[in-house]
Amino acid sequence: MKVIFLGDIVGEPGCRFAAETLSEILPLHQPDLVIANGENATKGRGLSQKTVESLYDAGVEIVTMGNHTWDQREILRFIDSDERIVRPANYPVDTPGRGYTICKVNQRKVLIINVMGRTFLSQLDCPFNAVERILAEHSDICHVIIDMHAEVTSEKLGMGWAFAGKVSAVLGTHTHVPTADATILPGGTAYITDVGMVGPRDGILGMNRTQVIQRMRTQMPTRFEVADGANQFCAVLFELDDETGRAKHIESLNRFEPHQ
Ligand SMILES: [Fe+2]
Ligand SMILES: [Fe+2]
């Protein structure tokens with residue numbers, strides 16, 4: 001089975017560019033499953049109902065989240081009922097929503113897990129234990145995809161190596177900067193430290209660069225808005241063996257519009 005996974009989609013420009021690019025590449029690659037990280041899809045922070053519907057219309061089937069999960073308060077109205085949305089599994093027990101979801105692809109069950117790293121982020125429960133617990137509850141499923149939403153490269157490599165040979169893919173998100181290390185780890189686990197971002201590339205991580213630099217220079221609270229201008233599309237395409245769930249191939253699908 002072929003899967004396309006889009007890195008963090010940022011704001012309305014990111015959603016628009018994701019839809020535009022998917023309309024070109026879906027017929028080309030004909031993936032069986034499309035997943036996207038949507039934690040920044042509404043105004044750079046969180047996910048509204050309207051935005052998530054637009055992602056579904058564009059061909060996204062599962063949306064993973066991260067540290068910005070709760071930034072649009074309205075998500076509390078639909079995160080419990082929409083099984084296509086997955087927030088980090090290592091949030092405390094009783095947090096709304098779900099940390100994993102299971103969908104059917106080509107008659108196979110696919111388990112999609114979202115976890116968040118703890119370095120320079122909230123001190124959630126242990127992401128490694130969270131994944132172990134979910135895998136133990138679903139030992140019948142051999143197609144397992146993990147979105148490891150984390151700030152530092154070492155923690156993502158840790159997740160990749162800890163579950164190499166035990167899951168189909170460990171894909172890093174959150175930094176918005178794509179890494180050039182897409183690989184298959186021993187045992188058949190597709191891995192990349194960070195998929196990157198879909199959104200405005202002339203900002204800083206998708207946000208207005210003037211505002212970000214202003215905060216960096218003055219250390220004063222500054223409101224960040226989504227940048228405009230040229231966009232980038234960062235995703236990975238990977239292929240899993242239908243029988244074993246082992247990854248056979250992974251490649252980056254990155255597009256960068258010229259700077260404006
Ligand atoms: Fe993000
Ligand atoms: Fe994030």
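Above this text you will find the structure in question.
Presented here is a report on the structure given in the accompanying data block. As the structure is a computational prediction, the values presented were derived from the model and not from experiment.

Regarding the overall build of the chain
At step 1: Looking only at helices and strands, one finds six helices and 14 strands in the chain.
At step 2: Relative to the 2.2 N^0.38 estimate, which gives 18 Å for 260 residues, the radius of gyration of the chain is 17 Å and therefore close to what a compact globule would have.
At step 3: Here the chain holds 260 residues, and 55% of them are scored as buried.
At step 4: Here the analysis covers contacts within the chain between residues at least 6 apart in sequence; of these, 65% occur between residues at least 24 apart.
At step 5: Here the chain has roughly 11400 Å² of accessible surface; of this, 49% comes from carbon and sulfur atoms.
At step 6: In the chain, the 25 positive side-chain charges and the 33 negative ones have mean positions that sit 3 Å from each other.

Description of the packing of helix H4 (residues 127-137) against helix H5 (residues 153-162)
At step 1: For the pair H4 and H5, interaxial distance at closest approach is 11 Å and the crossing angle is 30°. With respect to each other, H4 and H5 are oriented roughly parallel. In the crossing of H4 with H5, the sense of the turn from one axis to the other is right-handed. Contact residues: Pro-127, Phe-128 and Val-131 in H4; Glu-155, Gly-158, Met-159 and Ala-162 in H5.
At step 2: A class-by-class count of the residues in the contact of H4 with H5 yields five nonpolar, one polar and one charged.

Some remarks on the environment of Gln-72
At step 1: Within the secondary structure layout, Gln-72 lies in the loop between strand E4 (62-64) and helix H3 (75-78).
At step 2: Judged by relative accessible area, Gln-72 falls into the buried class, the value being 19%.
At step 3: Taking C-alpha positions, Gln-72 is 25 Å from Ile-102, a pair spaced 30 residues apart along the chain.
At step 4: Sequence-distant contacts of Gln-72, defined by excluding residues within four places in its chain, comprise Thr-42, Arg-45, Gly-46, Leu-47 and Ser-48.
At step 5: Here the side chain of Gln-72 touches Arg-45 through a polar contact of 2.9 Å, landing on its backbone oxygen.

As for helix H1 (residues 11-29)
At step 1: In a regular helix each residue adds 1.5 Å, so 19 residues correspond to 27 Å; H1 covers 25 Å between its end C-alpha atoms and thus fits that length.
At step 2: Helix geometry: H1 is bent most strongly at Leu-22, by close to 35°.
At step 3: All of the buried residues along H1 are Gly-11, Pro-13, Gly-14, Cys-15, Phe-17, Ala-18, Thr-21, Leu-22, Ile-25 and His-29.

Things to note about the packing of aromatic side chains
At step 1: Summed over the entire model, instances satisfying the criterion amount to one aromatic pair.
At step 2: Sitting over the ring of Tyr-56, Arg-84 keeps its end group 3.8 Å from the ring centre.

Focus: the coordination of the iron ion (ligand 1)
At step 1: Looking at the metal site, the iron ion (ligand 1) is ligated by Asp-8 (OD), Glu-39 (OE), Asn-40 (OD1) and His-176 (NE2), spaced 2.1 to 2.2 Å from it.
At step 2: Bound by four donor atoms, the iron ion (ligand 1) shows angles of 88 to 170° at the metal and therefore irregular coordination geometry.
At step 3: Between the iron ion (ligand 1) and the iron ion (ligand 2), a separation of 3.4 Å is found, and both are coordinated by Glu-39.
At step 4: By relative accessible area, Asn-40 is classed as buried at 2%.

Conventions adopted
- Residues numbered from 1 in each chain as written.
- Chains lettered and ligands numbered in written order.
- Predicted model: local features only at pLDDT ≥ 70, side-chain atom pairs only at ≥ 80, totals over all residues.
- Heavy atoms only, no water.
- Helix = DSSP H or I, 4+ residues; strand = E, 2+ residues; numbered from the N terminus.
- Rg over C-alpha atoms; globule rule 2.2 N^0.38 Å.
- Buried < 20%, exposed > 50% of the residue type's maximum accessible area, 1.4 Å probe, protein only.
- Contact = heavy atoms within 4.5 Å.
- Areas by Shrake-Rupley, 256 points an atom, 1.4 Å probe, with all protein chains shown as cover.
- Lys, Arg positive; Asp, Glu negative; His and termini not counted.
- Charge placed at Lys NZ, Arg CZ, Asp CG, Glu CD.
- Axes fitted to C-alpha atoms, helices over the stretch in contact; angles between N-to-C directions.
- Parallel < 35°, antiparallel > 145°, perpendicular 65-115°, else oblique.
- Left-handed = near helix turned anticlockwise from the far one by under 90°.
- Nonpolar A, V, L, I, M, F, W, Y, C, P; charged D, E, K, R; others polar.
- Polar contact = N/O pair within 3.5 Å; in protein donor to acceptor, adjacent residues only side chain to side chain.
- Expected span 1.5 Å × (residues − 1).
- Bend = angle between axes of the 7 residues up to and from the residue.
- Phe/Tyr/Trp six-rings, centres within 6.5 Å; stacked < 30°, edge-to-face > 60°.
- Lys NZ or Arg CZ within 6 Å of the ring centre and 35° of its normal.
- Donors = N, O, S within 2.8 Å, 3.2 Å for Na, K, Ca; no water.
- Tetrahedral: all angles 85-135°; square planar, octahedral: opposite > 155°, others 65-115°.

All quantities given are derived from atomic positions and should not be read as evidence of function.
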